[in-house]
Amino acid sequence: MLKKPITYTDFNNVKRTKDFLFNLTKAEILEMEVRTKGGLETKMKTMSERNDGDEIMTFFKDLLFRSYGEKSDDGQRFVKSEELSIAFSQTGAYDVLFVELVTDPEKAAAFFNAIIPEIPKLPEETK
């Protein structure tokens, strides 16, 4: 789980710093790996090499929507939903983070590696 402090200005023009949580389970990572042609690492490499802005933005928007959530008070669950992701996307924090990820390759790689530290390997015949 990545706990990312983000400083942003809200819509009342108040500067805030808040921690936001991002997490992908091994099952979610595996599903993304299988559904991504060539796998996630290859996708990151080719996006970077091609510097395709549209592809980079689409990838990171999807990654943010898939990984954003809120931890339950008892720590037993990491709650994710379309409603939570949309609510996050309507904040200044999302704006700051999204722009950071699509304009700074080093920060994008660090974010990617923080929420996807190890991609589970499948037997070759299942790919």
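Participant: Which parts of the structure should I look at to understand the sheet that holds strand β2 (residues 15-22)?
Facilitator: What links the strands of a sheet is backbone hydrogen bonding, and the strands pair in either a parallel or an antiparallel sense. Ordered in space as β1-β2-β3-β4, the 4 strands form an open sheet in which the pairing is antiparallel. Two strands bound the open sheet, and with one partner strand each, they are β1 (2-9) and β4 (78-79). Helix-sheet contacts for helix α5 (residues 92-103) involve β1 and β2, and the interaxial angle to β1 is about 110°. In the packing of helix α6 (residues 105-115) onto the sheet, contacts are made with β1 and β2, and the angle to β1 comes to roughly 140°.

Participant: Please explain unusual backbone geometry as it appears in this structure.
Facilitator: With the exception of glycine, most residues fall at negative phi, and the peptide bonds are largely trans. Within the chain, N13 stands out as a residue other than glycine whose phi angle is a positive 65°. In this structure, N13 sits in the loop between β1 and β2. Take N13: its relative accessible area is 65%, and that puts it in the exposed class.

Participant: Is there a simple way to think about the side chain of N23 in this case?
Facilitator: Locating N23 in the fold gives a position in the loop between β2 and α1 (26-35). Side-chain polar atoms of N23 contact the backbone nitrogen of M1, separated by 3.4 Å. Those residues in contact with N23 that lie beyond four places of it in its chain are M1, E28, R66, S67, F78 and K80.

Participant: Where do I start with the pattern of salt bridges in this structure?
Facilitator: Side chains carrying opposite charge are able to pair once their charged atoms draw close together. Summed over all chains, the structure comprises 9 salt bridges. Here R50 ties to E55 by a salt bridge, and the two come within 2.5 Å at their closest N and O atoms. Here E55 falls in the buried class, since its relative accessible area comes to 17%. The residue D62 makes a salt bridge to R66 at a minimum N-O spacing of 2.8 Å. Residue D62 and its partner R66 are both found in helix α3 (residues 53-67); the two are separated by 4 residues, about one turn of the helix. On the basis of relative accessibility, which here comes to 34%, the residue R66 falls in the partly exposed class. Each of the salt bridges in this network shares a partner with another, and the network as a whole consists of K4, E100 and K107.

Thresholds, definitions, all that
- Residues numbered from 1 in each chain as written.
- Predicted model: local features only at pLDDT ≥ 70, side-chain atom pairs only at ≥ 80, totals over all residues.
- Heavy atoms only, no water.
- Pairing = 2+ DSSP bridges.
- Helix = DSSP H or I, 4+ residues; strand = E, 2+ residues; numbered from the N terminus.
- Contact = heavy atoms within 4.5 Å.
- Axes fitted to C-alpha atoms, helices over the stretch in contact; angles between N-to-C directions.
- Buried < 20%, exposed > 50% of the residue type's maximum accessible area, 1.4 Å probe, protein only.
- Polar contact = N/O pair within 3.5 Å; in protein donor to acceptor, adjacent residues only side chain to side chain.
- Salt bridge = Lys/Arg side-chain N within 4 Å of Asp/Glu carboxyl O.

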